[in-house]
Every structure is written in structure tokens, then in C-alpha cells.
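Close look at the chain arrangement
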Amino acid sequence: RTRRLGSSWACAWKTGSASVYLTTSRTSCARVVGTCATNEFQVSYAIAIAEVEGIALVGHDDCAMVGLAFKRELFVKGLVERGGWDRGAAEAHFVSFVPVFEIGDEVDFVLAEARRLRARYPRIPVAPMLYRMEDGLLYVVEGQLGGPLP
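Owing to the predicted nature of the structure, the values given are computational and were not obtained by experimental measurement. (Residues numbered from 1 in each chain as written. Predicted model: local features only at pLDDT ≥ 70, side-chain atom pairs only at ≥ 80, totals over all residues. Heavy atoms only, no water.)

**Focus on the packing of helix α2 (residues 72-83) against helix α3 (residues 87-101)**
Two packed helices can be described by the angle between their axes and the distance between those axes. Short version of the rule: Note on definitions: angles span 0 to 180 degrees between N-to-C directions of axes, and those axes are lines fitted to C-alpha atoms, for helices only across the stretch in contact. Secondary structure counts use DSSP, requiring at least four H or I residues in a row for a helix and at least two E residues in a row for a strand, with both numbered from the N terminus. Here the word oblique covers every angle except those under 35 degrees (roughly parallel), over 145 (roughly antiparallel) and from 65 to 115 (roughly perpendicular). Crossing handedness: left-handed means the near helix sits turned counterclockwise from the far one by under a right angle, and right-handed means the same turn made clockwise. Whether two residues are in contact is decided by their heavy atoms: any pair within 4.5 Å suffices. Gly falls in the polar group here, along with every residue not listed as nonpolar (Ala, Val, Leu, Ile, Met, Phe, Trp, Tyr, Cys, Pro) or charged (Asp, Glu, Lys, Arg).
Two numbers describe how α2 lies on α3: the axes approach to 9 Å, and their chain directions differ by 135 degrees. Between α2 and α3, the interaxial angle falls into the category oblique. Handedness of the crossing formed by α2 with α3: right-handed. Here α2 contributes Arg-72, Glu-73, Phe-75, Val-76, Leu-79 and Val-80 to the contact with α3, which in turn contributes Arg-87, Ala-90, Glu-91, His-93, Phe-94 and Val-95. Class assignment of the residues belonging to the contact of α2 with α3 gives a composition of seven nonpolar, one polar and four charged.

Structural data, given as C-alpha cells:
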């Protein structure tokens, strides 16, 4: 499901679930926009105003957001003990954000986000990638994207 690409961007992927790189021929460089939870307006702005021509969606393995629902008690206990939260408020906070941030499988997540971005921006190529912590390499993810990569 993945193909070796190289070790570029290795030091950038210690936290978060995926980042979006946007490329443009105007500047001959890539820019990190942020995690997938970032306001999508930033991506839209970069495409519309900065003339972005491509998106590299980079996820990573060993993600703390995988199985997030099973970390409820640890999360609530931590907010209560270290953050000074009321238990009920901490539980409500967790329940409201788990659907937004939980990831079932890193590869499936990157593919799903790539499909979503390709549907949202049909003229912009989206390249799903995965950084593997154990070998420090970046891989192109191959899978069902609803058509070939441009």
C-alpha cells in the first residue's frame, strides 16, 4: 500500500495526524499549511491567492489519535488533575472532540483525506504520503482514491 520515496521532511513529523504541504511554481517551494484539523479556509486561500498547484498530504504512523476513544479516562483524569477541570466538563470536552480527531488507521485516514481534498479542489493534484517513524522515511500511499493520481 505504500512506496518508498525518501527521507525528506523527517524531523517535522513528531506530532499531529497529518499535515498539508502546498506547492506553487510561483515560489518554487512548499509551505506547511498545518494539520488537517486546520481551518480549511487556509488551504482555499493558498489555492485562490497564492496560486497553489498541488497538495502533499503527509500523515505518520504511531499516531496518538488512533484509538482515541479508548483513552477517555486517561484524558479526563489528566484534565481534572493537571488542568484543574471539573470532571463533567472534561468528559463533555472529550466526547465533543473525539469524532473530529480520532483516526482509525493512519493509511486509511490519509487516503480518505486525499479523496476529500480531491473532491473539494478537483483541479488540484493531491498526493497522499505517510512518514514512518521506525525507518524515518516518507512513503507515497497507493490505494483507492477514486481515480489515478494526476
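On we go.
**With respect to the pairing of strand β5 (residues 126-132)**
This is how the line gets drawn: Relative accessibility under 20% of the residue-type maximum defines a buried residue, over 50% an exposed one, and the middle range a partly exposed one, all with a 1.4 Å probe and only protein chains included. Strand pairing requires that DSSP identify at least two bridges connecting the strands.
Burial analysis of β5 places five of its seven residues in the buried class, the great majority of the element. Relative to strand β6 (residues 137-141), β5 is paired through four bridges, and the arrangement is antiparallel. If you follow Met-129 over to β6, its bridge partner there is Val-140.

**Observations regarding the packing of aromatic side chains**
Remark: the centre distance and the inter-plane angle together describe each pair of aromatic rings, the angle taken between the planes. Worth spelling out the cut-off: Each Phe, Tyr or Trp ring (for Trp, its six-membered ring) is paired with any other whose centre lies within 6.5 Å, and the angle between the two planes then decides the class: stacked below 30 degrees, edge-to-face above 60, tilted in between.
One pass over the full model with this rule turns up three aromatic pairs. Ring centres 6.4 Å apart and planes at 45 degrees place the aromatic pair Phe-41 and Tyr-45 in the tilted group. Placement of the pair is Phe-41 and Tyr-45 together in helix α1 (residues 40-48), with a separation of four residues, close to one helical turn. Overall, the relative accessible area of 57% leaves Phe-41 in the exposed class. Between the aromatic rings of Phe-75 and Phe-94, the centroid separation amounts to 5.0 Å while the plane-to-plane angle is 50 degrees, which identifies the pairing as tilted. With Phe-75 in helix α2 and Phe-94 in helix α3, this pair connects stretches of sequence that are 19 residues apart. Its relative accessible area of 32% is what places Phe-75 among the partly exposed residues.

**Things to note about the environment of Tyr-121**
To be explicit about the condition: Pairs of N or O atoms are called polar contacts if they sit within 3.5 Å, as long as, within protein, a hydrogen donor faces a hydrogen acceptor (for residues adjacent in sequence, only side-chain-to-side-chain pairs).
Note that Tyr-121 resides in the loop between α4 (106-120) and β5. Here Tyr-121 falls in the buried class, since its relative accessible area comes to 10%. Along the backbone, Tyr-121 and Val-43 are 78 residues apart, and their C-alpha atoms lie at a distance of 9.8 Å. Reaching out from Tyr-121, the side chain makes a polar contact with the side chain of Ser-44 at a distance of 2.6 Å.

**As for unusual backbone geometry**
Even without being glycine, Glu-51 reaches a positive phi, approximately 60 degrees. Of note, Glu-51 is situated in the loop between α1 and β4 (54-60). In this structure Glu-51 comes out as partly exposed when scored by relative accessible area, which is 44%. The phi dihedral of Asp-62 is positive, around 55 degrees, even though this residue is not glycine. Structurally, Asp-62 is set in the loop between β4 and α2.

Taken by themselves, the reported measurements are silent on function.
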